Every structure is written in C-alpha cells, then in structure tokens.
Amino acid sequence: MKKRINAERIVDTFLGYTTINTTAQPGNQHLPSCDNQLQLAQQVVDELSATGCIKVKLEDNAITTLSLAANTPGMPAIVFFAHLDTAPDHTGDTHAQRVKNYQGEDIVLPATGEVISPADFPELRHYLGQDIITTDGSSLLGADDKAAIAAAVEAIRYMVASPDFKHGEIKLVLLPDEEIGIRGAKALDVAGLNADFGICLDCCGVGEYVIENWYAGSAKITFKGVTAHPMSAKGKLVNALLMANEVINALPVAERPELTEGREGYFWVQKLVGDTAHATLDLAIRDFEIDSYQHRKSTLQTIISQLQRRFDRENIILELSDTYGNVKEGLDKKPLILASIQQAMQNLGITPKPLTMRGGYDGSVITPAGLPTVNIFTGAHNFHSTTEFIPVESLRLAGEMLLEIVELIAKGTAA
Ligand SMILES: [Zn+2]
C-alpha cells in the first residue's frame with residue numbers, strides 16, 4: 001500500500017482548519033458570506049507559502065489560487081478544488097474528538113450525549129480498528145469540505161518535497177460559499193485557470209465519485225392581481241394567489257421531489273408568497289437529460305402563456321434561469337480523467353463507487369464553463385449534520401488519490 005501522505009500530519013492540518021468557523025451565511029449577499037472564509041484561505045496561503053514554491057492569488061471575495069509550477073514540460077495542468085464554507089444547517093464552531101481504535105461501539109458525542117451508532121450508520125462497521133474523528137455534538141465537523149483542503153495541501157506538500165514525482169502545473173483553488181448556491185464557483189474566472197482537468201473533493205465515503213449530476217434551473221413567476229371590495233367584486237377582482245395556484249395545479253403531479261428518485265427529474269414548488277394584489281412563486285427545475293430539462297422549461301412557458309391569454313399578459317411574468325449543468329457532457333470529452341480515477345482506486349485497493357448525483361457541486365458550474373471537473377470522495381460521512389465523521393485512513397486516502405491521479409495523468413497510462 002502506498003503511503004506518501006502521512007496520517008498524523010494530514011489529521012493535524014485538517015483539525016487546524018476545523019478550528020476556524022466558516023459557516024456560510026445565506027442571508028448575506030456579500031462574497032464571502034462570512035469573513036472567516038478569508039481567514040481560512042489566509043491560513044492555507046501561509047502554510048503553502050512556507051514551502052517557497054507556491055504562487056498565490058488571494059482575492060477579496062476569498063477565491064484563492066495557489067499554483068505549483070510544472071516540473072516536467074508537456075504535462076496536463078490540473079486544478080484541485082475545495083470549498084471554504086461549511087453548511088448553514090449547524091454551526092461550524094467545531095470541537096473535534098478522535099476516537100481511537102474503533103471497535104464497533106456507539107460513539108458518544110460528549111457535549112450533547114448524542115450517539116453515532118452503527119445501528120443507524122452501518123457504514124461505521126467498515127472502519128473497525130481505525131481512528132475516527134467526530135465533533136463533540138455541538139456543531140458539524142466541517143470535513144465537508146475542510147478534509148478536501150487538507151488532502152490537497154498535503155498532496156502539494158508531498159510534490160514540493162519530492163522532485164522525482166513528475167507533474168504538470170498543479171493549482172489548488174479555494175472557493176467560498178459552495179453551500180449557499182455555489183456562489184464562489186460562479187464568480188470564478190475558469191478560463192483564466194488555463195488548465196486541462198479539475199478535481200473537486202466533495203463526495204462522502206471512500207470510493208465515491210460523481211459521473212453525472214443533473215441540470216438545475218429556477219423559475220420565478222410574478223402575478224399582479226386587481227383588488228376590489230368584496231361587496232362589488234364580481235367581474236373586477238383578480239386574485240394573484242389563485243393565479244399562482246393554477247400554475248401549481250398545472251404541473252405534472254408525479255414529478256415532485258418527494259415522488260422521484262434515481263435519474264427522474266422534477267418541478268419543485270419552493271416558495272409562494274403574496275396576497276390578492278401581488279404574489280410570487282418560486283420553482284426549481286431538475287433533470288438529467290438536456291432535452292427533458294429544456295422540455296420542462298417550455299412546459300412552464302406553455303402553462304404561463306395559457307394563463308396570460310386568460311388574464312392580462314403583463315400581469316403574469318415568468319423569469320427562467322439556469323443554475324448549473326450536468327458534468328457528464330464535459331467529462332465525456334476528456335475520458336482520461338474518469339479513467340485515471342478508476343485506475344487510481346484500483347492501484348490503492350479502493351472499490352470504485354460511481355454516483356449519479358441528485359444535486360450540484362462546484363464542478364457543475366466549472367465544467368459547463370469549460371474545465372471538466374470531477375468530484376471525488378473526502379472520506380467523510382453524514383455531511384451537514386452533527387453526526388458528521390471522518391475515519392483518519394479515509395482522509396489519508398483522499399490525499400493519496402490526488403497524488404495517484406496526478407501520477408497517472410502524467411504518465412498517460414490511463415488513456
Ligand atoms: Zn461540500
């Protein structure tokens with residue numbers, strides 16, 4: 001088994017990042033949504049600058065690019081991506097604990113008494129005899145995505161210290177506010193990275209990697225009603241809420257999040273606010289196939305056109321926007337990346353677990369923008385939860401994967 005990443009060192013690096021609370025603030029439109037993301041970025045900059053080999057660009061919006069020059073000409077340039085923020089579901093004010101030599105028992109989180117039990121999380125049984133890092137129960141762990149930052153930093157440190165390890169240009173890009181609308185990736189100058197492949201580390205257990213995700217868009221529909229006193233409303237009152245209700249009722253009943261799974265798409269009624277005079281309706285649209293995704297948007301346009309014919313056209317306005325895309329199209333154009341991931345897992349004794357992701361990640365924005373960017377595991381489980389945990393060996397393997405992929409791409413053996 002290859003051991004180029006030192007387990008104790010990557011744990012120290014990771015735990016250092018968990019002490020900086022980078023909880024995303026959805027109500028704050030500023031990028032980054034909390035200043036601590038800049039503090040974490042600065043810490044990574046300081047750590048890698050100490051190697052003396054890294055070029056750094058830290059922007060005001062916390063987008064951070066750390067570049068290690070190629071040591072061999074003609075090799076592809078690869079970007080590692082990790083996000084700085086943690087999910088707003090729980091605080092990221094994290095106090096981690098390390099459970100040594102796990103033997104299958106319930107893990108008690110000391111601050112709250114909550115337990116992480118193999119009865120609820122059977123995947124714990126895969127880690128018998130290993131050390132496992134959890135929180136004290138009062139926060140999430142933030143391995144999503146600080147484990148990714150630690151894995152990338154340790155992989156780069158290894159490359160700096162190993163002149164015989166051949167690589168093209170390697171960049172680590174830290175992105176703010178992935179958890180609240182993939183905002184950092186949307187603000188990223190993808191073309192400016194001038195790279196061939198991207199690797200996000202934003203999946204869960206060892207072996208997981210994303211082969212496709214869905215197209216995501218949103219619709220905002222505004223309804224303007226006509227008010228009238230109810231005693232003389234006949235023929236005058238136009239109720240904005242009821243117009244919105246007609247749109248909801250016109251959507252296909254079986255195509256809702258709660259009734260779909262796998263590769264099935266949906267319309268998701270997310271928010272309806274208003275009164276008789278004025279209402280807004282927010283919908284999310286998801287589909288894996290571009291044709292069906294476009295068809296969903298035209299279905300919505302048809303529903304609105306029909307309603308506009310019955311009411312005054314200007315009083316019903318539909319705004320459609322695309323949020324992110326399916327990475328499959330971009331990844332298929334550069335088969336070396338997925339082939340390298342599969343080969344890297346084989347070389348490291350990891351069972352590959354390809355995923356169809358009902359969601360998006362930074363790569364879902366970066367890939368359609370021109371840089372094919374896959375998503376591989378960090379090794380952590382139970383993202384966005386107080387029961388989030390990461391086995392030390394899984395964290396080490398995340399770092400090892402990056403080195404193995406870089407090596408395989410450099411050798412071109414996976415083509
Ligand atoms: Zn994440």
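## Concerning the pattern of salt bridges
Here the structure, examined in full by the defined rule, presents 21 salt bridges. For glutamate 154, the salt bridge is made with arginine 9, and the minimal N-O distance between the two is 3.1 Å. Of this pair, glutamate 154 sits in helix 3 (residues 143-161) while arginine 9 sits in helix 1 (residues 7-18), placing them 145 residues apart in sequence. Residue class for arginine 9 comes out partly exposed when judged on its relative accessible area of 41%. One salt bridge connects arginine 296 with glutamate 255, and the closest N-O pair in it is separated by 2.8 Å. Of this pair, arginine 296 sits in helix 7 (residues 290-310) while glutamate 255 sits in the loop between helix 6 (240-250) and strand 12 (266-274), and the two are 41 residues apart along the sequence.

## Examining the domain arrangement of the protein
Split by domain assignment, the protein resolves into domain 1 (7-213 + 326-411) and domain 2 (218-324). Centre-to-centre separation of domain 1 and domain 2, based on C-alpha positions: 38 Å. At the interface, 12 residues of domain 1 touch nine residues of domain 2. Here domain 1 and domain 2 share an interface that buries about 800 Å² over both sides, 52% of which is from carbon and sulfur atoms. Seen at the junction of domain 1 and domain 2, the total is one salt bridge. With its nearest N and O atoms 2.8 Å apart, the salt bridge here joins arginine 263 to glutamate 212. Summed over the shared surface of domain 1 and domain 2, the number is seven residue pairs in polar contact (both at pLDDT 80 or more). Contributing elements (two or more residues each) for the side of domain 1 that touches domain 2: strand 10 (208-213), strand 15 (353-357) and helix 10 (362-366). Class assignment of the residues belonging to the side of domain 1 that touches domain 2 gives a composition of three nonpolar, six polar and three charged.

## Considering the coordination of the zinc ion
Only His83 (NE2), Asp144 (OD), Asp202 (OD) and Asp202 (OD) from the protein coordinate the zinc ion, and they sit 1.9 to 2.7 Å from it. Viewed at the metal, the four donor atoms of the zinc ion are separated by angles of 52 to 147 degrees, and the geometry they form is irregular. All donor residues of the zinc ion come from one chain, and their arrangement in sequence is H-x60-D-x57-D. In this pair, aspartate 144 sits in helix 3 while aspartate 202 sits in strand 9 (residues 197-203), placing the two residues 58 residues apart along the sequence. Neither residue differs from the other here; aspartate 144 and aspartate 202 are each classed as buried.

## Here we look at the packing of aromatic side chains
Within the structure shown, the criterion is met by five aromatic pairs. Centre to centre, the rings of tyrosine 127 and phenylalanine 389 are 6.4 Å apart; their planes meet at 75 degrees, and the pair counts as edge-to-face. Placement of the pair is tyrosine 127 in the loop between strand 6 (115-116) and strand 7 (132-135) and phenylalanine 389 in the loop between strand 16 (373-377) and strand 17 (390-391), with a sequence separation of 262 residues. Among the aromatic residues, those joined into a cluster by ring pairs are Trp214, Tyr266 and Phe288.

## Re the sheet that holds strand 7
Across the sheet, three strands lie side by side as 4-7-17; this open sheet has antiparallel pairing. Both outer strands of the open sheet, strand 4 (96-99) and strand 17, are each paired with one neighbouring strand and no more.

Definitions and cut-offs
- Numbers given to residues run from 1 along each chain, matching the order in which its sequence is written.
- pLDDT decides what is reported in this predicted model: residues at 70 or higher carry local features, side-chain atom pairs at 80 or more are listed and counted, and totals for whole chains, interfaces and linings draw on all residues regardless.
- Here the side-chain values reflect all heavy atoms present in the structure, with hydrogen atoms and water set aside.
- We define a salt bridge as a contact between a side-chain nitrogen of Lys or Arg and a carboxyl oxygen of Asp or Glu at a distance within 4 Å.
- Counting from the N terminus, the helices are the DSSP runs of H or I reaching at least four residues and the strands are the DSSP runs of E reaching at least two.
- Partly exposed describes any residue whose relative accessible area lies between the buried limit of under 20% and the exposed limit of over 50%, with all areas from a 1.4 Å probe on protein chains only and scaled to the type maximum.
- Domain boundaries shown here were taken from an automatic or database domain assignment.
- The contact criterion used throughout is that any non-hydrogen atoms of two residues lie within 4.5 Å.
- Computed with a 1.4 Å rolling probe, the buried area is the accessible surface lost when two parts are put together, summed over both parts.
- Counting of polar contacts relies on pairs of N or O atoms within 3.5 Å, with two restrictions inside protein: one atom must be capable of donating a hydrogen and the other of accepting it, and residues adjacent in sequence are counted only when both atoms are side-chain atoms.
- Each residue is assigned to one class: nonpolar for Ala, Val, Leu, Ile, Met, Phe, Trp, Tyr, Cys and Pro, charged for Asp, Glu, Lys and Arg, and polar for all the others, Gly among them.
- Distances define the donors: N, O and S atoms within 2.8 Å of the metal qualify, as do those within 3.2 Å of Na, K or Ca. Water is excluded, so some sites may look unfinished.
- Only four donors with every angle between 85 and 135 degrees are called tetrahedral; only four or six donors with opposite donors over 155 degrees apart and all others between 65 and 115 are called square planar or octahedral, in that order; all others are irregular.
- Any two of the Phe, Tyr and Trp rings considered here, Trp counted by its six-membered ring, make a pair once their centres fall within 6.5 Å; the pair's planes then place it as stacked at under 30 degrees, edge-to-face at over 60, or tilted in between.
- The pairing criterion for strands is at least two bridges between them, as found by DSSP.

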